[in-house]
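Listed below are the residues making up each chain.
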Amino acid sequence: MQDPLLVLKKYWNYDSFRPLQEEIIHSVLEKKDTLALLPTGGGKSVCFQVPALCLPGICLVITPLIALMKDQVEQLKKRGIAASAIYSGMPRREIDIMLDNCVFGKVKFLYISPERLKTELFQARVSEMNVSLLAIDEAHCISQWGYDFRPSYLDIAEIYPLLGGEVCKVALTATATKEVRVDLLEKLNFEQSAIFQKSFARKNLSYSVFELENKEQKLFEILNNVKGSGIVYVRSRKETARIATILSRSGISSEYYHAGLGIKERSAKQTNWIQNKVRVMVATNAFGMGIDKPDVRVVIHLDLPDSLEAYYQEAGRAGRDEKNAFAVLLYAQSDIIRLRENFTRAFPSIDFLKRVYQSLANFYKLAVGSSQWQSFDFEVNDFSTSYKLNPYDTFYAIKKLEEQGLILLNESFFKPSVVMFSMSHEEVYRYCIANAKMERVIKGLLRLYGGEMYTEFMKISEHDLAKLIHASVPEVTKTLDYLHKTNVLVYDQLKEKPQLTFLTPRMDAGKLNINKKEFDLRRKSIGTKIESIVGYAQDRNQCRTRIFQEYFDEVAYLNCGVCDRCIQEKKKRKAVLEMDNARSRILESVTGEWIGISELKSNSAIHNDFLFTETLRALLDDTLIELSPDGRVKGKT
């Protein structure tokens, strides 16, 4: 077994671990069921990637976020580590070959969504793999009490027998209350587990809340006072563009970002922001996952998030370099009303859920019993317009159908076109002789991407291929599609729209088994979370950091000293001390004889006019001094 510190140095070029990382890694290597609770930016991925590289065999990583999968796979590949990911929208043949590579030891890390664990294809292959470590990321998703419940997480423990032997297991999350932690350990069958929790306090991050109607004016004030990179979170896609335009016109360079933008546009905006070509990113909560930018100085929310967990995650993207940073929440009473209205809307009737499910089946022309694991391009506005449904109500209905384990909707993501030959080299050669019209596309593919296309899927660009063979992109796409249909090759075309996947065979909507008890429990849980973020916003007494610590069941004895509540208390205490000192000086300077106010100010050496005046007024109110009509003062005898 390799030394973890040597692995860290070799692949990450770090000389030491962050707090708790080394302890977590050693716990994993000792084959203890390990739960790691590390705040956003706390280096969770290192806690399973390093031990996996110390061990022989493959590391299976379960995560619900495609963006995070893709980002971590690319980061590992840049370090020379073999990694792959399986997610919705991939053709069966591509998944088949990827799983073969895992069986034959060609892959070190396999990222997979929890929904894929139950497929026959995966279960047949995973039992043949040499799995040394199982990492469960975003582990809070296993609990209905969590803010981002995914029912497929409940089935993770069912694959343990397929892994063979004593596989090391580690679960990781940034946000989990005590209730969620208990649920998590039970559902994962973690026995005699080792639990590591880093403090939820961030000593360099100052939290502030402002209740006001003119939020945009305060936004400008903050961005003008806090220099450096920033994120501004808003609820709607339309608002991202509006706020970014207003900021840019005022001389604050800004971009906007949301899941509805094309992949090239999103990628360009993200790159400009990461490279500090643009100072502020105005975004919906689709922005941030998998983005490692350490020098964000301020995160501002112009709308209330849905929970304290979500707010802690998003605000925590500030100050990852451990330098001073600010997290600011701006709200009005109308925002609280809107949040509560949205909560009511987020739990549509069971009849409406059935109606939306039936409409989806009609939209894609799916027969009862068909289409399990099939993925389709999906745009909620197009779908809801087609069936005269309210798009907001439809979106919430789809989220509830997800929580019932029936479907899965992934936000739009970029998956480039991939190609792999289904025939051998000799068969392709003979095909080209018999089909001269196809020859230039096939030879063009081989010239651009080489013979590896016979053994694995290769990412291709239809544009580059068209340019090489002097053809149009539509002509190339049409030819590749024909070659796919005639089984010469497997061609999976570029995807950049949201993907809706049917996780079960299509059911009769009238017979959908919606668990009303669980539905109502979920409603209660989400309602409690809504009120927790409202309570945080309206709190005028507690240290902000301690609110988070206590919410996540961390015992906290000290205030942070840097949030708005702590700073105000410091100012109050300082003002009291200053006034007490000023009172003493004035009382020492007055006698039973009248003295002019200017002379008294000079004698008492109080140079702050406001402090002197207020202290004088307080002494008069307390009848400790007298003031004559001509403006002179003497001590009360």
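Conventions adopted
- Residues numbered from 1 in each chain as written.
- Predicted model: local features only at pLDDT ≥ 70, side-chain atom pairs only at ≥ 80, totals over all residues.
- Heavy atoms only, no water.
- Phe/Tyr/Trp six-rings, centres within 6.5 Å; stacked < 30°, edge-to-face > 60°.
- Buried < 20%, exposed > 50% of the residue type's maximum accessible area, 1.4 Å probe, protein only.
- Lys NZ or Arg CZ within 6 Å of the ring centre and 35° of its normal.
- Helix = DSSP H or I, 4+ residues; strand = E, 2+ residues; numbered from the N terminus.
- Contact = heavy atoms within 4.5 Å.
- Patch = residues over 30% accessible without salt bridge, like charges linked within 9 Å, V, L, I, M, F, W, Y side chains within 5 Å.
- Areas by Shrake-Rupley, 256 points an atom, 1.4 Å probe, with all protein chains shown as cover.
- Salt bridge = Lys/Arg side-chain N within 4 Å of Asp/Glu carboxyl O.
- Pairing = 2+ DSSP bridges.
- Right-handed = clockwise from strand over helix to strand, strands pointing away.
- Disulfide = S-S within 2.5 Å.
- Core = buried A, V, L, I, M, F, W, Y, C linked by side-chain atoms within 4.5 Å.

Some words on the packing of aromatic side chains
Applying the stated criterion to the full structure yields 24 aromatic pairs. A ring pair is formed by Tyr551 and Phe552, whose centres lie 5.2 Å apart and whose planes are at 80 degrees; its orientation type is edge-to-face. The class of Phe552 is buried, set by a relative accessible area of 0%. Ring-pair connections join several aromatic residues into one group, and the members of that group are Phe200, Tyr207, Tyr311, Tyr312, Tyr536, Phe548, Tyr551 and Phe552. The positively charged end of Lys269 is found above the aromatic ring belonging to Tyr256, 3.8 Å away from the centroid. Just above the ring of Trp273 sits the side chain of Lys293; from NZ or CZ to the centre is 5.3 Å.

Overview of the side chain of Ser206
With respect to the helices and strands, Ser206 occurs in strand 8 (residues 205-211). With relative accessibility at 7%, the residue Ser206 sits in the buried group. Not counting chain neighbours up to four residues away, the residues in contact with Ser206 comprise Ala325, Phe326, Ala327, Val562 and Cys563.

So, a nonpolar patch on the surface
A cluster of nonpolar side chains, Val555, Tyr557 and Leu558, forms an exposed patch at the surface whose accessible area comes to about 430 Å². Take Leu558: it is sitting in the loop between helix 22 (544-551) and helix 23 (564-589). Its relative accessible area of 68% is what places Leu558 among the exposed residues.

A look at the pairing of strand 4 (residues 109-112)
If a strand is regular, its side chains alternate between the two faces of the sheet. Because side chains alternate across strand 4, one face comprises the buried residues Phe109 and Tyr111, and the other comprises Leu110 and Ile112, equally buried. Pairing of strand 2 (residues 58-62) with strand 4, which is carried by four bridges, proceeds in the parallel orientation. Following the sheet pairing, Ile62 is matched in strand 4 by Ile112. Pairing of strand 3 (residues 83-86) with strand 4 involves four bridges; the strand directions are parallel. Bridge assignment links Ile86 to a residue of strand 4, and that residue is Ile112. Of the crossover connections in this fold, the one passing from strand 3 over helix 5 (residues 92-103) to the parallel strand 4 is right-handed.

Description of the state of the cysteines
Under the criterion given, the structure shown has zero disulfides. Note on Cys47: no disulfide assigned, nearest cysteine sulfur contributed by Cys59 at a separation of 12 Å. Owing to a relative accessible area of 0%, Cys47 belongs among the buried residues under this scheme. A disulfide-free cysteine, Cys543 has its sulfur positioned 3.6 Å from the sulfur of Cys560, the nearest such atom. By relative accessible area, which is 4% here, Cys543 ends up buried.

Topic: the nonpolar core
Ranked by internal contacts, the top residues of the largest apolar core, which has 77 residues, are Phe48, Phe109, Leu110, Leu134 and Ile136. Ranked by residues supplied to this core, first place goes to helix 3 (residues 44-54) with seven residues. When near neighbours in sequence (up to four residues on either side) are disregarded, Phe109 contacts Phe48, Gln49, Ala52, Leu53, Ile58, Cys59, Val61, Leu76, Ile81, Ala82, Ala83 and Ser84.

A word on the pattern of salt bridges
Using the criterion set out here, one finds 40 salt bridges in the structure. Of the charged contacts, one joins Asp155 and Lys118 as a salt bridge, the two residues approaching to 3.7 Å between their closest N and O atoms. In this pair, Asp155 is assigned in the loop between strand 5 (131-136) and helix 7 (160-163) and Lys118 in the loop between strand 4 and helix 6 (120-126), connecting sequence segments 37 residues apart. Asp155 gets classed as buried once you look at its relative accessible area, which sits at 16%. Look at Lys118 and you get partly exposed, because its relative accessible area is 49%. When the shortest N-O distance is used, the salt bridge between Arg242 and Glu239 registers 2.7 Å. Placement of the pair is Arg242 and Glu239 together in helix 10 (residues 237-249), with a separation of three residues, close to one helical turn. Each of Arg93, Asp96, Asp100 and Arg125 takes part in salt bridges that share partners, so that together they form one network.

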